Amino acid sequence: MGSLCMRGWHAVEYALHRDRLTTPRVRKNGRQVPCSWDEGIERAAGGLRDVIEKHGPEKIAFIGSTRCSNEDNYLMTKLARAVIGTSNVDAGGRLDFFPILDAVEEAGGGAEATLERIEAADMLFVIGSDLSGSSPMAASRVFRALERHAELVVVDPRPTALANLAHHHLRVYPGTDRYWMRGMMACLIRAGRTDPRFGPLAKSLSHFSLPHAQEVCQVPLTTMETVAERLARARKAVFMLGTGIHKHGEATRHTVHDLVRLSWITGHMGTQGSGIMVVGGDNNTQGAWDMGMSRHRNESFPGPPEGKPDQGMDYAQVIDALLSGELRALYVMGDDLPASQNPLREALSTLDLLVVQDIFRNDLTDLATVVFPASSSFERAGSFTNLERRVQWFGPILDPLENTRPDWDILGSLARSLNSDFLFQDVSEVTDEIASQVPRYRDIDSARLKKAFNGILCAAAGEREPQNGILASQENEMVPAPSPGGEFPLLLLSGRDPSTWGTGNRSSRITLLAREATPATLHLHPDDAKSLGVKQGSKVRTVWSSGMIETPAALSEDVPRGLAYMPTQRVDGAFPLRPKRTLPVRIETC
């Protein structure tokens, strides 16, 4: 509410950078050439019509952006589903935050904690996030809570800056969060700290092996017992989840569901002052999810393709479909798809149609059939939804760069060229449609937003109740922890550099952030480095089942033995196509 982190204070500089795109471009005879807006729109519309006619709408995919506004993402979802007839629409948040939001919502937990609740809490759990890098505003509220003598629990394999301030640092082994969560639940159940409605869950956990949980997750049993008891006694507790809780496939869902169970049985779900918050992400990760950019949100979004399944391809499946040749057209708005690397680069170059709208030239725009130059958020109006689901209106503070257009306006022009009824003349009209069509945004129209200096919180779900049998017997689902060994003997952890956004397309064009950004480096424990023959500063190759990266190495005892750590950053000017979750790797000297 009126606060900015270092990235926010200096962000306007990238909007003034000389590298901005200023002219639509189309590909002719294998080369991109400048064109008029009308020609570019018609080329994109014609290409989409051709693919629909020859291959069907299911061969087209749309990728939105967690950095674009609610209005931009709403119209892209509507264009894909109601005009083109495909449910293949998602955003890059699918690789980290969207699965967490999906799982919290499915369990009836709802990510409804606010920054004010953090500051007023008696107990704070920070799980899988170094807030100083991923969410400085949430970190500042944690610091204020600590000044009020709140109790802090940090769950992270590494001793991060926040972990060094924690009353309890659970140095959990990666991928084993469910064991400490279930361990704490079992401790409370055996101590008689739950009410009768949790009977089925209590029964299923009555034989849960606490010694085995301690062995697997490497959190001492005494710590589990102490923290569980403190949590049950706390009046107000907030759980903050970061991408460190993101696992492969269904494991994320099951892990988040166990956390929701823990919050229910300790009385911190559906109560005033407590709750869950998903921290980190981009400026509009929550808003993009709310606008239907997550395929799991499409069932409640207006205009599903008639006779088509609601859930199309997600972001990762789109990449797989590109690599297999299944897709024939792709429309990308403001996303950092890693187009510099083969085989993805080759797959993109063979599409019948690739449309990209962005503010800077990048590897993806260079491959595009049609390129649209978009206005930055400093040159237009619209709304964003922050991590506490606060919807905030923003207006232009810079004159629009000549010949650029807002994303929502580009999408509207394309839809009209496809004979749809997108008749929006002003972004406020899109905001008003969102207020009438998206349940959580009911009545949050443009007139209200423009008057609300501190924004408007999305409607909470009222008195929450556990959903989808979340408190029923849970005797299944325990997925083995990641097991490095053999060809890949180490586990690689991902992180985030405080000075870098995503792939650095924007932050690298901001003087202060570019200066403060740290180079991509692999961090190893000295003992592991010695056994591998790796020295400080030497170049190493990190290899996993589907790729590799070469970077310098740094030795640090902050990294536990058997693990490695690398922030997600550019490597030799390119963004590596690698999973953001923990994965087994091997390290080779170069």
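See the structure printed just above.
The structure reproduced in this document is the subject of the present report. (Residues numbered from 1 in each chain as written. Predicted model: local features only at pLDDT ≥ 70, side-chain atom pairs only at ≥ 80, totals over all residues. Heavy atoms only, no water.)

Moving on: the overall build of the chain. Secondary structure summary: the chain contains 22 helices and 21 strands in total. Residue burial in the chain is summarised as follows: out of 590 residues, 59% are buried. In the chain, of all internal contacts separated by at least 6 residues, the share reaching a separation of at least 24 is 73%. Accessible area for the chain stands at about 23400 Å²; split by element, carbon and sulfur atoms hold 49% of it. (Helix = DSSP H or I, 4+ residues; strand = E, 2+ residues; numbered from the N terminus. Buried < 20%, exposed > 50% of the residue type's maximum accessible area, 1.4 Å probe, protein only. Contact = heavy atoms within 4.5 Å. Areas by Shrake-Rupley, 256 points an atom, 1.4 Å probe, with all protein chains shown as cover.)

Let us look at the sheet that holds strand E1 (residues 25–28). Within the open sheet, the 7 strands sit side by side as E2-E1-E12-E11-E10-E3-E4. Their pairing is mixed. Strands at the two margins of the open sheet, each flanked by one partner only, are strand E2 (31–34) and strand E4 (89–91). Recorded for the sheet is a direction-independent mean angle of 20 degrees between the axes of neighbouring strands. Summarising the sheet, strand E11 (residues 353–358) and strand E12 (residues 370–373) pair through 4 bridges and their orientation is parallel. Looking across to E12, one finds that Val356 is bridged to Val371. Here helix H18 (residues 407–417) sits on the sheet and contacts strand E10 (329–333), E11 and E12; the angle it forms with E10, its principal contact strand, is near 150 degrees. (Pairing = 2+ DSSP bridges. Axes fitted to C-alpha atoms, helices over the stretch in contact; angles between N-to-C directions.)

For the rest of this paragraph, the subject is H18. In terms of burial, H18 is largely enclosed, as 10 of its 11 residues are buried. When H18 is considered as a whole, its buried residues turn out to be Asp407, Trp408, Asp409, Ile410, Leu411, Gly412, Ser413, Leu414, Ala415 and Ser417. For H18, the elements touching its buried residues are helix H3 (37–55), helix H4 (70–84), E10, E11, E12 and helix H19 (427–437). Directly after H18, the chain includes Asn419, whose backbone phi takes a positive value near 70 degrees.

To continue, consider the pairing of E12. Residues Val370 and Phe372 of E12 are buried on one face, and the alternating residues Val371 and Pro373, pointing to the opposite face, are buried as well. As judged from the 2 bridges shared by E1 and E12, these two strands associate in the antiparallel manner. The residue of E12 that forms the bridge with Val26 is Val370.

Let us now look at the environment of Ala44. As for its position among the elements, Ala44 is in helix H3. Separated by 370 residues in sequence, Ala44 and Leu414 place their C-alpha atoms 7.5 Å apart. When sequence neighbours within four positions are dropped, the list of residues in contact with Ala44 reads Leu353, Val355, Val370, Phe372 and Leu414.

The next thing to look at is the sheet that holds strand E19 (residues 547–555). Each strand in a sheet pairs with its neighbour through backbone hydrogen bonds, running either in the same direction (parallel) or in the opposite one (antiparallel). Ordered by their spatial adjacency, 6 strands build a closed barrel running E16-E20-E17-E19-E18-E21, and the pairing between neighbours is mixed. The mean angle between the axes of side-by-side strands here comes to 45 degrees, regardless of whether they run parallel or antiparallel. Bridge count between strand E16 (residues 490–495) and strand E21 (residues 583–589): 3 bridges; the pairing is antiparallel. When the sheet's bridge partners are listed, Leu492 is paired in E21 with Leu583.

We now examine the pattern of salt bridges. Within this structure, the stated rule accounts for 30 salt bridges. Residues Glu42 and Arg49 are paired through a salt bridge, measuring 2.6 Å at the closest nitrogen-oxygen approach. The exposure class of Glu42 is partly exposed, given its relative accessible area of 40%. What makes Arg49 partly exposed here is its relative accessible area of 33%. Taken together, the shared-partner salt bridges connect Glu487, Lys539, Arg541, Glu550, Arg586 and Glu588 into one network. (Salt bridge = Lys/Arg side-chain N within 4 Å of Asp/Glu carboxyl O.)

Once that is clear, we can look at the nonpolar core. Judged by nonpolar contacts, the single largest core of 110 residues is most densely connected at Phe62, Phe125, Trp180, Met184, Tyr331 and Phe372. Top element by residues in this core is helix H9 (residues 177–190). It accounts for 9 residues. If we skip the residues at most four places from it in the chain, Phe62 touches Met76, Leu79, Ala80, Ile84, Thr86, Asn88, Val89, Asp90 and Tyr331. (Core = buried A, V, L, I, M, F, W, Y, C linked by side-chain atoms within 4.5 Å.)

Our focus in this paragraph is the packing of aromatic side chains. Think of a pair of aromatic rings as described by two things: how far the centres are apart, and how the planes are tilted against each other in angle. Enumeration over the complete set of coordinates arrives at 6 aromatic pairs. Measuring from centroid to centroid gives 5.2 Å for Phe125 and Phe239, while their planes differ by 35 degrees, and the two rings are tilted. Of this pair, Phe125 sits in strand E5 (residues 123–127) while Phe239 is found in strand E8 (residues 237–241), placing the two residues 114 residues apart along the sequence. Phe239 shares its class with Phe125; the two are buried. Aromatic side chains Phe422 and Phe424 sit 6.0 Å apart centroid to centroid with 75 degrees between the ring planes, which places their arrangement in the edge-to-face category. When its relative accessible area of 1% is taken as the criterion, Phe422 is described as buried. An aromatic cluster is present here, built from Phe125, Trp180 and Phe239 joined pairwise through their rings. (Phe/Tyr/Trp six-rings, centres within 6.5 Å; stacked < 30°, edge-to-face > 60°.)

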